[in-house]
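Here is what each chain is made of, one letter per residue.
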Number of protein chains: 2
Amino acid sequence: MAEKVTIATVAAYAQVSRQTVSNVLNSPHIVRDETRRRVEEAIATLGYRANQAARQMRTGRSHLLAVRIEPTRDGINGSVLDRFLHGMTFAAAAAGYRVMLYTADDDRDEIKTFDNLLASYDLDGFVLTGTDHGDVRTRWLAERDVPFVTFGRPWDAPERHSWVDVDNAAGTAQATRRLIETGHRRIAFVGWPAGSGVGDDRRDGWQRTMKAYDLDPTGLDRGAPDGIAQGADCARDLLTTPDPPTAFVCVSDSLALGALQAAGGRKAVTGFDDTPVAQAIGLTSVSQPLADAAARCIDLLIHHLDGAPTGTHQVLLQPSLVVRTTA
Amino acid sequence: MAEKVTIATVAAYAQVSRQTVSNVLNSPHIVRDETRRRVEEAIATLGYRANQAARQMRTGRSHLLAVRIEPTRDGINGSVLDRFLHGMTFAAAAAGYRVMLYTADDDRDEIKTFDNLLASYDLDGFVLTGTDHGDVRTRWLAERDVPFVTFGRPWDAPERHSWVDVDNAAGTAQATRRLIETGHRRIAFVGWPAGSGVGDDRRDGWQRTMKAYDLDPTGLDRGAPDGIAQGADCARDLLTTPDPPTAFVCVSDSLALGALQAAGGRKAVTGFDDTPVAQAIGLTSVSQPLADAAARCIDLLIHHLDGAPTGTHQVLLQPSLVVRTTA
DNA sequence: GTGCATTATTGGATCGTTCAAGTTGCAGGG
DNA sequence: CCCTGCAACTTGAACGATCCAATAATGCAC
């Protein structure tokens, strides 16, 4: 490999001082046009690229963002994070930032990792996914003025930090509406147990839509932890009631798959997340605009970093229903 | 946040020089026991963590590894990369390294990214996934003596760099053997078109096992691009032959799912990769030890970085058959 | 008590960049 | 003619760690 090209090499080549080269890169407007062009030419000729470590040491900015990669909880939802990560990496690169991964066993462990990453790598910011009620991580970061954006609303105090989220309720509402429009009247909801922000939001969308069409949702609501077997159980339970449902709006593709199996394909079913499983078996599912969400997260975070650090921003994106064969 | 803790702060607190603190961290054996303990105590008390940027500037080592994140080609295989990334991040963190992501449109673009990352971030090494015949990326890296490890064999000259791979042939062999042992004699292979390293390897495992049991594989071999519809087509085609197969060994879960649908569940089917789809629908599939593979990649790479840079190492891991309901 | 080898510690230089302060050259006002 | 003001550029110092060479402390034999 050729010997290292530093700012001094460029300066010597363009016959200016190091600082002038630095100014061309960071504050071009204070350099005379002719000088600026000469320096830019030298940079191009020598193939100079600024050394991030040296820059970081002086400025305290690493141009590194971090995001947690989870151990694919139950498998079926793994590809969601996958697509999100790709979107993040792509958007970050376009803005001159890079994405670093970290793992953590739980929230407490994650905070310890924050501390480590900030102290030894001088990370510029974090993107958190999957927030929940009373999230300790956001509090820790906010108290230390560490820039961060969450993908997922803070369910307690929505205005305290920047976030990007998908309008979950609108997703289930759309699914419910379609079922109603295709003739269904008894539409059940197979969700998670009450208490999770996302789950309750999705339940809301179904419930409100039912009421908007003068349909009574009473007795058509079930809750279970995520899983195929659980979905099947809920569906079977609902099918044995006096006036059984003809369609199931499910909070996840896992539960939807279970419901589909229990109903033997004779009932309409919709899932949520548009996972590969849904694509594979033809399950109608609500699709989140993940690449878009990731890009908006990066936008907000970099806005915090580069621009004015005042104020927070919130972005709510609309999901879309991918209609396949099950509804 | 408290004011910054540098090596000088620690030195002052422990009443030694900066160099002694540095020695405690980098060459503990040359420091007297009592001094070392005092310094370690100071480090713990003050919560000192070495600044990576400063260290990197002096040593030229960033403790950063990079891996490419792909845009989830066809969806169904997305979670494979997901699990691999998690394994990498975990193993790297244990060894004091961090994982950085990057995207690329194609191999040429990826090389440009290598160049950028090396010049501005001083990356220590790369992990490449999905190598193929005549890979230009490995050549580029090797020519510049950039440390790297591939997950996937180099199909041309297996000994030129370090790699980790899964014994694909052993996987399909195991699947084939199980089918034979459960009474099947006419076992077909639904693979990819000849020419891909991985695909041919998996085909080999099936073929060799058939012959080892004195079964004739002639006419039982099909090839198609990955996809559910393609899998169904191949299976239907095979089922219309004079002496149709009773079982299908498939090169991927996508093709297996298609075969399963075409056979109407009356034939035995095995897939490959143990994706969420396989888990969801009960498909028997060959599972790759991804966390293990990722850890071995990191091990090899760090061995290159920390230890003697001489010689290359190869690791071939054994997959396992996850038996479910379809075979 | 001196000399010598061994080990532990010290101060200074250095990596590549940016910040803060300083220099130069030139135009215009009194 | 001097001073001020401004623009364009240059110089020295600093960020926080490690490396290098020099010094101080220790142990041991004679």
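Note that the structure is a prediction, hence the values are computed from the model and not measured.

A. Representation of the interface of chain A and chain B within the structure. Facing the 50 residues of chain A at the interface are 50 residues of chain B. Between chain A and chain B, a total of about 4,200 Å² is buried, with carbon and sulfur atoms accounting for 62% of that surface. At the boundary of chain A with chain B, the tally comes to two salt bridges. Taking the shortest distance from any N to any O, the salt bridge between R49 of chain A and D115 of chain B comes out at 3.5 Å. For the interface between chain A and chain B, the tally reads nine residue pairs in polar contact (both at pLDDT 80 or more). Elements with a contribution of two residues or more to the side of chain A that touches chain B: α4 (52–59), α5 (78–94), β2 (98–102), α6 (107–121), α11 (253–263) and α12 (276–281) of chain A. Of the residues belonging to the side of chain A that touches chain B, the class tally is 25 nonpolar, 17 polar and eight charged. Alignment of β2 of chain A against strand β2 (residues 98–102) of chain B, held across three bridges, turns out to be antiparallel. Bridged to M100 of chain A within β2 of chain B is M100 of chain B.

B. Representation of the packing of helix α10 (residues 228–239) of chain A against α11 of chain A. Residue and element names in this part refer to chain A. Between α10 and α11, whose axes approach to 6 Å, the crossing angle comes to 50 degrees. Compared by their axis directions, α10 and α11 come out oblique. Every pair of crossing elements has a handedness; the one defined by α10 and α11 is right-handed. Here α10 contributes I228, Q230, G231, A232, A235, R236 and L239 to the contact with α11, which in turn contributes S254, L255, L257, G258, A259, Q261, A262 and A263. Tallied by class, the residues present in the contact of α10 with α11 amount to nine nonpolar, five polar and one charged.

C. Representation of the protein's contact with DNA strand D. Taken together, 25 residues form the shell around DNA strand D, and within it S17, T20 and T35 of chain A together with I7 and Q19 of chain B come nearest. Counting only atoms of DNA strand D within 4 Å of the protein, the sugar-phosphate share comes to 58%. Within the backbone of I7 of chain B, one N or O atom sits 2.4 Å away from a phosphate oxygen of DNA strand D. Contact distances for DNA strand D include 2.8 Å between a base oxygen and a side-chain N or O atom of R58 of chain B.

D. Local environment of the sheet that holds strand β6 (residues 187–191) of chain A. Residue and element names in this part refer to chain A. The sheet built from six strands is open, its strands ordered β7-β6-β8-β9-β10-β12 with mixed pairing. With one partner strand each, in any of the chains shown, β7 (221–223) and β12 (320–322) form the two edges of the open sheet. The sheet shows a mean angle of 20 degrees between the axes of neighbouring strands, taken without regard to direction. Summarising the sheet, strand β8 (residues 247–250) and strand β9 (residues 268–272) pair through three bridges and their orientation is parallel. Following the sheet pairing, V249 is matched in β9 by T270. Those strands touched by helix α9 (residues 197–212) are β6, β7, β8 and β9, and its axis lies near 170 degrees from that of β6. On the sheet, α11 packs against β6, β8, β9 and β10 (284–287) and is oriented at approximately 165 degrees with respect to β9.

E. Expanded view of the protein's contact with DNA strand C. The local shell around DNA strand C holds 27 residues, among which I7, Q19, Y48 and R58 of chain A together with S17 of chain B are the closest. Considering DNA strand C, the proportion of its atoms within 4 Å of the protein that are sugar or phosphate atoms stands at 57%. At 2.5 Å from a base nitrogen of DNA strand C is found a side-chain nitrogen or oxygen belonging to Q19 of chain A. Those elements that place two or more of their residues in the surface near DNA strand C are α2 (18–26) and α4 of chain A together with α2 (18–26) and α4 (52–59) of chain B. Of all the elements, α4 of chain A adds the most residues to the surface near DNA strand C, at five residues. Here the residues of the surface near DNA strand C are counted per class, giving nine nonpolar, 11 polar and seven charged.

F. Highlighting the relation of the copies chain A and chain B. With an RMSD of 0.4 Å, the fit of chain A onto chain B corresponds to turning through 180 degrees and sliding 0.2 Å along the axis. Those values place the two copies in the arrangement expected of a two-fold rotation axis. Here 98% of the contact residues of chain A are again contact residues in chain B; the copies associate through an equivalent surface.

What counts and how
Residues numbered from 1 in each chain as written. Chains lettered and ligands numbered in written order. Predicted model: local features only at pLDDT ≥ 70, side-chain atom pairs only at ≥ 80, totals over all residues. Heavy atoms only, no water. Contact = heavy atoms within 4.5 Å. Buried area = accessible area lost by both parts, 1.4 Å probe. Salt bridge = Lys/Arg side-chain N within 4 Å of Asp/Glu carboxyl O. Polar contact = N/O pair within 3.5 Å; in protein donor to acceptor, adjacent residues only side chain to side chain. Helix = DSSP H or I, 4+ residues; strand = E, 2+ residues; numbered from the N terminus. Nonpolar A, V, L, I, M, F, W, Y, C, P; charged D, E, K, R; others polar. Pairing = 2+ DSSP bridges. Axes fitted to C-alpha atoms, helices over the stretch in contact; angles between N-to-C directions. Parallel < 35°, antiparallel > 145°, perpendicular 65-115°, else oblique. Left-handed = near helix turned anticlockwise from the far one by under 90°. Near = heavy atom within 4 Å. Least-squares fit on C-alpha atoms with pLDDT ≥ 70 in both.

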